[in-house]
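Observations on chain architecture
Okay, here's what each chain looks like letter by letter:
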Amino acid sequence: MSTVSSKRKNLQELLFPRGIPSLWCPSLTHFDAGGRIDLGRMDAHLAWMMPHVRGYLVPGSTGDGWDLDDAQTDTVVRFAVDMARKKGVSLLLGALRKNTTDVTGSIERFLDILRKLTGKTDPLAALVAAGVSGFTVCPPAGKDLDQATIGAALEIILDMGLPVALYQLPQVTGNETAPETFATLVAKYPNLILFKDSSGADRIALSGVDAHGVFLVRGAEGDYARWLRSAGGPYDGFLLSTANSFPAGLLNVVNGIREGRLAEAIRTSTAISGTVGEVFGLVGEIPCGNAFTNANKAIEHFMAFGPGAADREGPMLHGGIRITDGIISATGDILRRYGLMPEKGYLE
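Okay, so let's go over this structure.

Conventions we followed
- Starting from 1, residues in each chain are numbered consecutively following that chain's sequence as written.
- For a predicted model such as this one, the threshold for reporting local features is a pLDDT of at least 70, and the threshold for listing and counting side-chain atom pairs is 80 or more; totals across whole chains, interfaces and linings nevertheless cover every residue.
- Values reported for side chains reflect all heavy atoms of the structure, with hydrogen atoms and water molecules removed beforehand.
- We treat two strands as partners when DSSP finds at least two bridges between them.
- Put simply, DSSP marks the helices as runs of H or I at least four residues long and the strands as runs of E at least two long, and each gets a number from the N terminus on.
- Axes, fitted as lines to C-alpha atoms, cover a helix only where it is in contact. Angles between the N-to-C directions of the axes lie from 0 to 180 degrees.
- By convention a nonpolar core is built from buried Ala, Val, Leu, Ile, Met, Phe, Trp, Tyr and Cys residues, the set being connected through side-chain atoms within 4.5 Å.
- Note on exposure labels: buried denotes an accessible area under 20% of the residue type's maximum, exposed denotes more than 50%, and partly exposed covers the range between, all computed with a 1.4 Å probe on protein chains only.
- Residues are treated as being in contact if the distance between any of their heavy atoms lies within 4.5 Å.
- By definition here, a salt bridge exists when the distance from a side-chain nitrogen of Lys or Arg to a carboxyl oxygen of Asp or Glu is within 4 Å.

Our focus in this paragraph is the sheet that holds strand β6 (residues 192-197). A barrel is described by the order of its strands in space; here 8 strands give the closed sequence β1-β2-β3-β4-β5-β6-β7-β8, paired in parallel fashion. Adjacent strand axes in the sheet meet at a mean angle of 25 degrees when their direction is disregarded. Taken together, the 4 bridges between strand β3 (residues 90-94) and strand β4 (residues 132-137) define a ladder with parallel strand orientation. Of the residues in β4, the one forming a bridge with Gly94 is Thr136.

As structure tokens, then:
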């Protein structure tokens, strides 16, 4: 094992004393009728997920991470850190901004929060004491950026010496970290500990490049059963927006594959994939937010309020509008058709 790989392994063991979770969730940010962050609703949602999901990204794209202002971001970060410390789950903090200066500024602001919460001045000690495993970052946004520019920007962040999870999200950034750039970074930086790919193209995972122990998680939705290493796939785990709505089902897929219950895992995977695909198709007409957020808020509405959720107002979005009654009603029909409508909501 190389020196870098050995250092990475030691850092991962420090940051993930119970092991790196196989299933992660970029949890939703809920809003009340006035458009304010609804921490009570978020707490109830997380309590429902936690028996099944032990890793969280806050705020991720699904949690409106690109759209929250700094004050809103700090609110959900403080909430998530408090939750992680109490419940013993793993937490990544999303520094989701479109230029490198804003990313490093967010990380410094998060560190200040962690130092104040823990009383630890050393950055790594503050992370460990707070139950935070690292910071999630993307390349700078820009569809015309070349790999030299992308690599140099990511090196600025990695040179901070803090644990980093690299996030591939061309839907927002307009670009991707190429396998060759990734290979250069992982060979140089032991603090690059995790990589998430939501592109759907899976170029790095399928390239055969040596990840040197970086934990690879897939963020693209659908066809879950074939992507894990235990099923012959290239990934160590998942970081899925749909874990907001199907935490038990997705954990069953992960465990089913590992335990040889492949037929059961494929059945569950097929039902969730079908539901997600159809609901994603419904939310394209919503004029704000992103499909990950909007589809999951529509589905999770039924997980919270059960079969009668269609009789309630739709969830409030960051953009200040609610998901329409028509989309909510159609979402309920899809859940029933795939056999995924809960008998009772977790808030009932």
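Our next topic: the nonpolar core. Residues Tyr56, Phe182 and Leu192 are the most contacted members of the largest nonpolar core, which totals 90 residues. Among residues more than four places away in sequence, those in contact with Phe182 are Leu166, Thr177, Leu192, Phe195, Ile204, Val209, Ala211, Val214 and Leu216. Counting 12 residues, the second largest nonpolar core, distinct from the first, contains Phe16, Leu92, Ala165 and Ile193.

Moving on: the pattern of salt bridges. Taken as a whole and judged by the stated rule, the model has 19 salt bridges. Two residues, Arg109 and Asp70, come together in a salt bridge whose shortest N-O distance is 3.6 Å. Within this pair, whereas Arg109 is found in helix α4 (residues 100-118), its partner Asp70 is found in helix α3 (residues 70-87), the two being separated by 39 residues in sequence. Taking relative accessible area as the criterion, Asp70 reaches 39% and is therefore assigned partly exposed. Linked through salt bridges whose partners overlap, the residues forming this network are Asp70, Asp74, Arg97 and Arg109.

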